[in-house]
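A look at the structure
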Amino acid sequence: MESSVFGLRLSLKQRYFLLLCVVAAGIIMYRFTRNHPETRRMNRVEGLRANSSQFTLERKPFLILGGSIHYFRVPRAYWEDRLLKMKACGLNTLTTYVPWNLHEPERGVFKFEDQLDLEAYLRLAASLGLWVILRPGPYICAEWDLGGLPSWLLRDPQMKLRTTYSGFTDAANSFFDEVIKKVVPHQYSKGGPIIAVQVENEYGSYATDENYMPFIKEALLSRGITELLLTSDNKDGLKLGGVKGALETINFQKLDPDEIKYLEQIQPQKPKMVMEYWSGWFDLWGGLHHVYTAEEMIPVVTEILKLDMSINLYMFHGGTNFGFMSGAFAVGLPAPKPMVTSYDYDAPLSEAGDYTNKYHLLRNLFSHYHTQPLPELPPVHERRAYQPAVIQQHISLWDSLRFTDKPFKSERPVNMENLPVNNNNGQSYGYTLYETTITSGGALKSQNNVRDRALVFVDKHFVGVLDYTVQELAVPDGKGKRTLGLLVENCGRVNYGKTLDEQRKGLVGDIMLNEHTLRDFNIHSLDMKPAFVNRLESAGHWMSMRHQPSFPGFFQSRLYVNGSPQDTFIKLPGWSKGVVFINGKNLGRYWSTGPQQTLYVPGPWLHRGDNQVIVFEEQETDGKIQFASSPDYGMTIDVQ
């Protein structure tokens, strides 16, 4: 028996094959829509609009209940956990920045995999039923090194960041070429979760070039961004931060009716939104841990919602400045102060993803803005205080230099960004060692050219620290030629304010010994990237702790995990200042000056059995690494 399809006569075998094809196509389609549920909601007519005093989505009134979670601050294994907790709190919109410096670590080299898989993050948000407001920069502030701008931009001595200077716009264009094509398919109009895109970030507080915001807006539009455009500024910034065709939104913590009135005056009959409602605050090394109590916060959020304003909690979950990514703060200070590693921010969801009092009170408040009951609370991850790990081996800084690139010889000091390393992109982060020969002792003067902090050595013996406050040191007298070494740390580039163009690190000018300008340097780049840590780890040059360690140095230990790994916190009370690596991953800086006293260790970065811990320590150790099940962020102070 034969059958005809589209006028073709098919044999039994052909019909059987056709049936198989239809079934296979059905399975593929099911799998695709299961993994991409946004494609099931393709009957979309109109996205987010700001044509009246309320936002509309599909022409129905829409209140944005948003929260910021940055994918680059949260271990990828925990993305889903954090977004589910966001959804369970009653939020409907995820807001995230995109960090240019991580996505383009060297000019023309782009990274969008693993921890940086932005598209996977957007797909995950969509699959959980969260909308997305994307803030692609190129500048993001975010308490992130140089506000997310890559340090190789600073190789150009004429560089003018965040302007239409061609050296900046060429680089920004090539970054946008890569990143925008990845996000365009995830827009609402194409079945994706992105309902709005922010043009730059708080430009009103910088405002050095009136052509810049129109340039960024056009850069987005010309590459296919079709959703609602927004800008975001504090009240003072609103005067200069807007751009025609984008809705202006406001950032604050304490509610000032005059600020809301002002927003209404400049945008009558438009929806009002707090793009950054600061749920806490950041901390600086040498300061105290900022807290913003739930008792102060909840009445303000309640009032914002009563005023029919949309809101985005910055942060909903802060996460961690892993590696060397924390920025620095300089506004109103005589010198920049570096940010701590934790970005807990006193947010509703803690650094390790725990619920807080704020979370529960917000959930209760937001539940009144939903017709359906909120989802059940996802379980909290268990944590463990592992047994202390004893240091087994050490290697001195000087012996570790053989695992770095060969030193660069230069008559004058060269700042780290302009060193001929990393395929001529310069050094971005970490430490740089400058060595030169001296023939006498005397007064060593930095002339404020140390960025940011230098340990000073004569023939590998420590003589003192030079930084913004200490700019002169006594070098002891000695016989003949000796080696003067300055190990200079980039403690984090300023991420906000007018000094972005001045964030070159290392030695940025001449150093004097008495009245003599020092010359002829050997410069070692010690950026402690994964390849260096791996070379170090497998090296045969480690000494047992029976030999007196010299400082600075690297110290190696093993953390034994029985059973499935759980989150923990590292505590180093007997150490002074340095960096911790676990299984090759850089957890960030620690510093006994505080306030932060613990470093977050995500369970997914550990494995059963032995885990390798390497600590780079500048000055002292008690030979053991301790673990805690809860964090210690130091003495607290209320946000003023």
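Structural notes, computed from the coordinates. (Residues numbered from 1 in each chain as written. Predicted model: local features only at pLDDT ≥ 70, side-chain atom pairs only at ≥ 80, totals over all residues. Heavy atoms only, no water.)

Moving on: the packing of aromatic side chains. In this description, a pair of aromatic rings is defined by centroid distance and the angle of the planes. Considering all chains together, one arrives at 35 aromatic pairs under this definition. With centroids separated by 4.9 Å and ring planes inclined at 25 degrees, the aromatic side chains of Trp281 and Phe282 adopt a geometry described as stacked. By relative accessible area, which is 7% here, Phe282 ends up buried. Each ring, one from Tyr343 and one from Tyr345, has its centre 5.3 Å from the other, and the planes form 50 degrees; the classification is tilted. On the accessibility criterion, Tyr343 (2% relative accessible area) is buried. Owing to a relative accessible area of 3%, Tyr345 belongs among the buried residues under this scheme. Against the face of Tyr355 rests Lys85, its NZ or CZ located 5.4 Å from the ring centre. (Phe/Tyr/Trp six-rings, centres within 6.5 Å; stacked < 30°, edge-to-face > 60°. Buried < 20%, exposed > 50% of the residue type's maximum accessible area, 1.4 Å probe, protein only. Lys NZ or Arg CZ within 6 Å of the ring centre and 35° of its normal.)

The next thing to look at is the sheet that holds strand 35 (residues 598-601). Read from one edge of the open sheet, 4 strands run 16-37-32-35, paired in antiparallel fashion. Looking at strand neighbours, the two that pair on one side only are strand 16 (389-390) and strand 35, the edges of this open sheet. Inspection of the sheet shows strand 32 (residues 568-571) paired to strand 37 (residues 624-628) by 3 bridges, in the antiparallel sense. Residue Ile570 lies in a different strand from strand 37, and its bridge partner there is Phe627. (Pairing = 2+ DSSP bridges. Helix = DSSP H or I, 4+ residues; strand = E, 2+ residues; numbered from the N terminus.)

What follows is about helix 2 (residues 79-88). Of all the 10 residues making up helix 2, 7 are buried; the element is thus mostly covered by neighbouring parts of the structure. In this structure, the buried side of helix 2 is in contact with strand 5 (65-69), strand 6 (93-97), helix 4 (118-127), strand 13 (310-317), helix 10 (357-367) and strand 35. Of the residues one or two after helix 2, Gly90 is the one with positive phi, at around 100 degrees. (Contact = heavy atoms within 4.5 Å.)

Burial runs high along helix 4: 7 of the 10 residues are buried. Those residues of helix 4 that fall on the buried side of the exposure criterion are Leu118, Ala120, Tyr121, Leu122, Leu124, Ala125 and Ala126. With its phi angle positive at about 80 degrees, Gly129 sits one or two positions after the end of helix 4.

Nonpolar side chains collect at one region of the surface, where Leu288, Met635 and Ile637 lie side by side and expose about 270 Å² of accessible area between them. Classification of Met635 as exposed rests on a relative accessible area of 63%. (Patch = residues over 30% accessible without salt bridge, like charges linked within 9 Å, V, L, I, M, F, W, Y side chains within 5 Å. Areas by Shrake-Rupley, 256 points an atom, 1.4 Å probe, with all protein chains shown as cover. Salt bridge = Lys/Arg side-chain N within 4 Å of Asp/Glu carboxyl O.)

Under the definition given, this model contains 24 salt bridges. Taking the shortest distance from any N to any O, the salt bridge between Arg519 and Asp510 comes out at 2.9 Å. On the basis of relative accessibility, which here comes to 22%, the residue Arg519 falls in the partly exposed class. The class for Asp510 is partly exposed, based on a relative accessible area of 22%. The salt bridge partner of Lys577 is Glu618, with a shortest N-O separation of 3.9 Å. Taken as a pair, Lys577 in strand 33 (residues 577-582) and Glu618 in the loop between strand 36 (609-617) and strand 37 lie far apart in primary sequence, 41 residues in all. For the pair formed by Lys577 and Glu618, the shared burial category is buried. A network of salt bridges, in which partner residues are shared, links Arg453, Glu489, Lys577, Arg589 and Glu618.

Residue Met315 follows Tyr314 across a cis peptide bond; omega there is -5 degrees. Between Arg451 and Asp452 the backbone carries a cis peptide bond, its omega angle lying at 15 degrees. Secondary-structure assignment places Asp452 in the loop between strand 21 (450-451) and strand 22 (453-458). Its identity as a non-glycine residue notwithstanding, Glu58 has a phi of 55 degrees, on the positive side. Mapped onto the elements, Glu58 comes out in the loop between strand 3 (56-57) and strand 4 (60-61). Backbone geometry at Ala207 places phi at a positive 40 degrees, although glycine is not the residue there.

Ranked by internal contacts, the top residues of the largest apolar core, which has 155 residues, are Leu83, Tyr277, Ile570, Val580 and Ile625. Here the element with the most residues in this core is helix 5 (residues 166-183); it accounts for 8 residues. Setting aside anything within four residues of it in sequence, one finds Ile570 in contact with Val580, Ile582, Leu587, Gln597, Thr598, Leu599, Val601, Ile625, Gln626 and Phe627. Judged by nonpolar contacts, the second largest core, of 23 residues, contains Leu419, Leu444, Leu473 and Val488. (Core = buried A, V, L, I, M, F, W, Y, C linked by side-chain atoms within 4.5 Å.)

Relative orientation and spacing of two packed helices are given, respectively, by the angle between their axes and the distance between those axes. The contact between helix 2 and helix 4 brings their axes to 10 Å, and the two run at 35 degrees. The chirality of how helix 2 crosses helix 4 is right-handed. Of the residues in helix 4, those in contact with Trp79, Glu80 and Leu83 of helix 2 are Ala120, Tyr121, Leu124 and Ala125. The residue makeup of the contact of helix 2 with helix 4, split by class, is 6 nonpolar, no polar and 1 charged. (Axes fitted to C-alpha atoms, helices over the stretch in contact; angles between N-to-C directions. Left-handed = near helix turned anticlockwise from the far one by under 90°. Nonpolar A, V, L, I, M, F, W, Y, C, P; charged D, E, K, R; others polar.)

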